[in-house]
Every structure is written in structure tokens, then in C-alpha cells.
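# Report on the structure
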There are 2 protein chains.
Amino acid sequence: MSTAEPPMRADAQRNRAAILEAATSALTADPRASMVDIARQAGVGRVTLYGHFPSRTELVDAVFAHNMRRAEAHLGAVDLTGDPRTALERLVSSSWREIADSHGVLEAAEQELGGDRVRAHHDDTLHRVRALLARGQAAGAFRDDVSADWLTSCAFAVLHLAAAEIRAGRLTEPQAPGVVSTTVLAIVDRPGR
Amino acid sequence: MSTAEPPMRADAQRNRAAILEAATSALTADPRASMVDIARQAGVGRVTLYGHFPSRTELVDAVFAHNMRRAEAHLGAVDLTGDPRTALERLVSSSWREIADSHGVLEAAEQELGGDRVRAHHDDTLHRVRALLARGQAAGAFRDDVSADWLTSCAFAVLHLAAAEIRAGRLTEPQAPGVVSTTVLAIVDRPGR
DNA sequence: ACTAACCCGAACATCGCTGTACGAGTTAGG
DNA sequence: CCTAACTCGTACAGCGATGTTCGGGTTAGT
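Residues numbered from 1 in each chain as written. Chains lettered and ligands numbered in written order. Predicted model: local features only at pLDDT ≥ 70, side-chain atom pairs only at ≥ 80, totals over all residues. Heavy atoms only, no water.

Examined against the element boundaries, A:A155 turns out to sit in helix 8 (residues 148-167). Spatially, the C-alpha atom of A:A155 lies 18 Å from that of A:G104, the residues being 51 residues apart in sequence. (Helix = DSSP H or I, 4+ residues; strand = E, 2+ residues; numbered from the N terminus.)

Structure below.
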């Protein structure tokens, strides 16, 4: 069943990587960046671009998947055991920046692939956070009068909000981590006492 | 300096209103709705549409402004005096639905007009909420280790998040108000005790 | 009843983007 | 060194959107 593909030539691999990289940066700057923009920024002909990715949709999909794998690898290294509160704090402080930067690619993916496909790629990362929050609920550290799913969504929303505020100049880079983790903890913390 | 415009004819006024209405609903359904879509939905010729609004940008601007005035009128009727917590609860419960519905128009406006212009239209509503939160901070009811601006942004973000979750089918209409107000209060509440 | 304001469909001119086709040049790798 | 893989620019076809123009038909208001 293996599709028996002959290995890509070295320059082709390099170009493919350059495209992925350039697309990431172009879409980050402007989620509606066109194929022309991306090709130019990758230092590659438009035709070559289409040679690697037959349509814009497939390009965006590949870029998004690529970035999610990278984030996944980074996030996977964070220790989530022990006290749920401090674990959550570790997670937030070591990932907020990366998630914030991914905003442009995420938006492009939502436009081009639709929310469901995005959700599918997001799944692993989402589950990791959700599991931590659910564990905190079970341990009595986090509030359980709302669902773990809702808490998860809120946490991500706060991260993205912080990113937007920084882009708009209403929040500075240095103060962001503090504000974000304060807010996230406020959301998940059990109220009584 | 008055531009001395002769009053519009009655049918022109009706059409203008119909366009504003149709555009609101079209953009709510799909923020990228085209002029053709909007004209059709308004039961009006494309040319007539351009007669009233010379460009898509001006249309979106007018629609957005129109909706903000409507929301403003509604929001302005809410009593924000007394205990800040219950005042905030009143505000949230009487406005969350309206704000949630405005999502499509808001997104269209952001695409077409840019964040700054959007901000300008938003200003009054934003300030009303911000004033309440600042008052709560001064009274010692709300946390003041983060800025009132940040709290304001968070509150709106939670409302929009809830709307998105409903659209995605991960939250039901009936449970939304409770979850939203719980979360907003959790964010603004003073932590100590 | 008359006139100016308004509406309408159809056609036209651009623009930007996507995707494909061709032909010739360059490079990796055995 | 030789071939297959890869790249490049250019050109073309198609789509969908935005605005504009024109000429004839309706309708409001005095």
C-alpha cells in the first residue's frame, strides 16, 4: 500500500522547507496573503510553488499542520504533573508567546479550511490542556460548575486576546505574561475560599 | 457650512433602510457577503445599492455605525448604579445576546475598515463598560492588579467566545448566559477573600 | 399633471487572484 | 558526464468582485 515515492532531490526539499517557512511568515503578517506574495517571499517562482502545493488550500493546510507539529513538540516538553495550578502556570508561561504568534496562520486556516478541519489539527494540543484542567477539577483545585471544555476555550481565548492587544499597542510585551497568567488562573480557580 | 441636502424621497428612504437591514443580516450570515448578495437580499438592484452607498467600504461603515447606534440605545437603558457586581451582571445578561449576534458585522468591519475605525465606532459602548469596571475597582469590589482596559477587553472576549461556541454547537443557548456571567465575574472579582 | 427624483437591468471596463501550459534553462546525483 | 528531476518566466484562461455608464421605465410630491 505504500505509495512508493522516490525521495525528493535535495534542492526540492530545501525549496519546500523555504516555502513552508515563508508562508508562515507571510500569513502571520497578513492572513490573506496571496500565492504570489508567498512565492516571492520564499524566493521561488510561482510555478514552483504550485509544483509543491497544487492549491492554496493544500498549502495552508500543510503550513498549519507544520506549525502545529512544531508547537506540539514544544508543548509536549512541559511538565504537567504536580499541583494543577503551578502546572497550568508553567504551561501558560512557556507557550503563550508561541500561541500568540500563530494567530495569522490560524486565521488563514479558518478562512481556507473551515473550523472543523482546524479543530482536527488542533485536537492534540487542545486535549492536552483540557486534560490538565479536568484533572484540576477532579482534584478540587479548579471550579467545576462549568465544563472543562469551556475553561479550555477561555484559556485559549485569553492568550489570543493578549496577542491582539499587543499587536494593537494596548499591551506591552513585558507585562503580557503576568496579565495572562493572572487572568487564566482567575477563570479556572475554584471560587469558594 | 450645512450641506443643505434636500430631503430624500419616501421610497428612497425605505430602500435605504431595507439595504441597511439586509446588509446586517447578510453580513451576519457571512462577513464576506458581496454587494450582489446584499442587493439581492434587500430586493433592490445593484445599481440602486451603489446609488446609496458608493463603495463597499462605505456600506460596511454605515451598517456598522447603524448597528452600534441601536446597541448603544439598548445598552444605555441598563441601570449601572449600585453594587458593581450586580450592575455588571445586569449589563451582561441584558446585552450578551445582542453583542453575540453582532459578530458577523464586526468581522466584516474589521476586514474592510481596519481595527482603528472599528475602535472609533465602538468607543462609546467600550467606555460605558470600562467606567463600570473602573468604578468597581475604586470601590474595592474588582481586582485592580490589572488595568480596567484589560478587564474590559476580557469581558468582550468572553461574550464573543460564547457566541462562537454556540455557533459551533459546543454550547447551548440556555446555558450560555449562566456560563458567561460566571466567567466574567470570575475574571473581574477581587481575589483576596 | 407634470417634473424631478428615483429605480432598474444590462452591458462594460478593471482588477486581483487562482490554476494550467509551454519551452527552455539549471542542477542534483548515479 | 549524462539524464532525470527540478526550476524559471511568460503567457493564457477563467472566475468573481467592484464600480461605472446608459437609456428607458416608475413613482413621489407639488
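Attention now goes to the domain arrangement of chain A. Interface size, as often reported, equals the accessible area lost upon joining of the parts. Residue and element names in this part refer to chain A. Parsing chain A into structural domains produces domain 1 (7-54) and domain 2 (60-188). On a C-alpha basis, the centroid separation for the pair domain 1 and domain 2 is 28 Å. Contacts between the two partners involve eight residues from domain 1 and, on the opposite side, eleven residues from domain 2. Summed over both partners, the interface of domain 1 with domain 2 buries about 770 Å², with 71% contributed by carbon and sulfur atoms. In terms of surface lost to domain 2, no three residues of domain 1 exceed L20, L27 and P31, which account for 53% of the buried area on that side. Applying the counting criterion to the domain 1 and domain 2 interface returns zero salt bridges. On inspection of domain 1 and its partner domain 2, the count reaches one residue pair in polar contact (both at pLDDT 80 or more). Taken together, the residues that form the side of domain 1 that touches domain 2 break down as five nonpolar, two polar and one charged. (Domains from an automatic or database assignment. Contact = heavy atoms within 4.5 Å. Buried area = accessible area lost by both parts, 1.4 Å probe. Salt bridge = Lys/Arg side-chain N within 4 Å of Asp/Glu carboxyl O. Polar contact = N/O pair within 3.5 Å; in protein donor to acceptor, adjacent residues only side chain to side chain. Nonpolar A, V, L, I, M, F, W, Y, C, P; charged D, E, K, R; others polar.)

Note: a rotation about an axis with an accompanying shift along it relates these two copies of the chain. Structural alignment of chain B on chain A gives an RMSD of 0.1 Å, achieved by rotating through 180° and translating 0.0 Å along the axis. Overall, the copies show the geometry of a two-fold rotation axis. Most of the interface of chain B is mirrored in chain A, where 100% of its interface residues again form contacts. (Least-squares fit on C-alpha atoms with pLDDT ≥ 70 in both.)

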